[in-house]
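Listed below, chain by chain, are the residues.
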Amino acid sequence: MYMKVVKRVLDKLLALFLLLIFLPFISLTALLVYFKIGRPIFFKQVRPGYQEQLFSIYKFRTMSNEKDAKGVLLADEYRLKKVGQFIRKTSLDELPQLLNVLKGEMSFVGPRPLLLEYLELYNDEQKKRHEVIPGITGWAQVNGRNAISWEEKFEYDIWYVDNQSFLLDMKILWMTFLKVIKRSDISSSGSVSMEKFEGSTK
C-alpha cells in the first residue's frame, strides 16, 4: 500500500512544494550555467526506470562542450570547471529531477537510474533494482555514493528493494541532507565521476 499509493502521492506533493520553495535557487543555477558553462542549460538523457521503462532524466549541466583540435570532446576533468564542481558538490544539478518526480517517473528515494547501456550487463540479482521506481537519492548514495564499487552499490540497491518502508525512506532522506551539507562522496577516487560499469565478474 505504501509503495504503490502513499509514496507516489507524497512524492508528487513534496516535489510540487519543493519546486516552489527552490524556484529562486533553480533560477540562479540556470543563469549560472548559461553564463559560465553555456547552452543547453539542462542535461537530458534517456534512462531505464520502473520495470525498465525508458524516460528522460533532467539535470543541470556541469560540464562544458569543449573539444580538441579533431572535434572530439575533452576528458571529463578538463570540461568540469569550478562552477560545475560547485553545482555538483551542492547537489544543485539534481534539482531539475523534481520534474521527473512530479511526472511519476522518479521518486525521492530509490535506486539511482543508470545508463541505458548497462541494462544488458546486469545479472539476474542486479536487475531487481528496476522493481521499484528509481530515486533522486537512495540507500547506495548514503552509504558511499561514487566512493564505493559497482558491486557494493548494487548490493545496497537490492537491499533497499527488499526492505523498503516509510521509515527507511525518512532515514535515507535525512542521511542525504547531512551528506549534502558535508559535501561528501561526490566522486570516486581518482576520477571526477564514477567509472563506467562493465559488468560483474561474480
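Residues numbered from 1 in each chain as written. Predicted model: local features only at pLDDT ≥ 70, side-chain atom pairs only at ≥ 80, totals over all residues. Heavy atoms only, no water.

Take the nonpolar core next. If you look at the biggest cluster of nonpolar residues, it comprises 25 residues, and the most contacted ones within it are Leu98, Phe108 and Ile172. Breaking this core down by element, the ones donating at least two residues are helix H1 (2–21), helix H2 (23–36), strand E2 (54–60), helix H4 (82–89), helix H5 (97–102), strand E3 (107–109) and helix H7 (166–182). Ignoring any residue separated from it by four or fewer positions in sequence, one finds Leu98 in contact with Ala15, Leu18, Leu19, Phe108 and Ile136. Core analysis: the second largest hydrophobic core is formed by eight residues, Leu114, Leu115, Leu119 and Tyr122 among them. (Core = buried A, V, L, I, M, F, W, Y, C linked by side-chain atoms within 4.5 Å. Buried < 20%, exposed > 50% of the residue type's maximum accessible area, 1.4 Å probe, protein only. Helix = DSSP H or I, 4+ residues; strand = E, 2+ residues; numbered from the N terminus. Contact = heavy atoms within 4.5 Å.)

The next point concerns the pairing of strand E1 (residues 42–48). Inspection of the sheet shows E1 paired to E2 by seven bridges, in the antiparallel sense. What sits directly across from Phe43, in E2, is Lys59. (Pairing = 2+ DSSP bridges.)

For any pair of aromatic rings, geometry is given as the distance between the ring centres together with the angle between the planes. The final tally for this structure, using the stated rule, is twelve aromatic pairs. Centroid distance Trp174 to Phe177: 5.5 Å. Interplanar angle 25°. Geometry classified as stacked. In this pair, Trp174 and Phe177 both sit in helix H7, three residues apart, roughly one turn of the helix. Pairwise contacts between aromatic rings join Tyr118, Tyr122, Trp150, Phe154 and Phe197 into one cluster. The residue whose ring lies beneath Arg8 is Tyr50, and the NZ or CZ to ring-centre distance is 5.9 Å. (Phe/Tyr/Trp six-rings, centres within 6.5 Å; stacked < 30°, edge-to-face > 60°. Lys NZ or Arg CZ within 6 Å of the ring centre and 35° of its normal.)

Here we take up the UniProt feature "transmembrane region" (unreviewed entry) in the chain. Sites flagged by UniProt as "transmembrane region" (unreviewed entry) map to residues 13–35. Across residues 13–35, helical content stands at 96% and strand content at 0%; the span's end C-alpha atoms are separated by 32 Å. (UniProt positions renumbered as here; feature names shortened; annotations may be inferred.)

Our focus in this paragraph is the confidence of the model for the chain. Summarising the model, the chain shows a mean pLDDT of 88, and 93% of its residues fall at 70 or more. Within the model, the stretch residues 186–191 combines pLDDT values under 50 with 14 contacts to residues more than four positions away or in other chains. (pLDDT = per-residue confidence, 0-100.)

Attention now goes to the packing of H1 against H2. Running from N to C, H1 and H2 cross one another at 60°; their axes reach a closest spacing of 4 Å. Considering the angle they form, H1 stands oblique to H2. Taken together, the residues of H2 that come into contact with H1 (itself represented by Leu18, Leu19, Leu20 and Ile21) are Leu23, Pro24 and Ile26. Of the residues in the contact of H1 with H2, the class split is seven nonpolar, no polar and no charged. (Axes fitted to C-alpha atoms, helices over the stretch in contact; angles between N-to-C directions. Parallel < 35°, antiparallel > 145°, perpendicular 65-115°, else oblique. Nonpolar A, V, L, I, M, F, W, Y, C, P; charged D, E, K, R; others polar.)

Here H2 is 14 residues long and its end C-alpha atoms lie 20 Å apart, about the 20 Å a rise of 1.5 Å per residue gives. All of the buried residues in H2 are Ile26, Thr29, Ala30 and Val33. Considered in projection along H2, the buried side chains sweep an arc of 105° and stay on one side of the axis. Of the residues in H2, the exposed ones pointing more than 90 degrees away from the buried face are Leu28, Phe35 and Lys36. Residue Gly38 follows H2 closely and has a positive phi angle near 110°. (Expected span 1.5 Å × (residues − 1). Arc of directions from axis to C-beta.)

Here the focus is the pattern of salt bridges. Following the criterion strictly, the structure yields eight salt bridges and no others. The shortest N-O distance in the salt bridge between Glu94 and Lys59 comes to 3.8 Å. Taken together, the residues Glu94 in the loop between H4 and H5 and Lys59 in strand E2 connect sequence positions 35 residues apart. By relative accessible area, Glu94 is classed as buried at 11%. Of the residues examined, Lys59 reaches a relative accessible area of 17% and is grouped as buried. The salt bridge partner of Lys128 is Asp162, with a shortest N-O separation of 3.2 Å. (Salt bridge = Lys/Arg side-chain N within 4 Å of Asp/Glu carboxyl O.)

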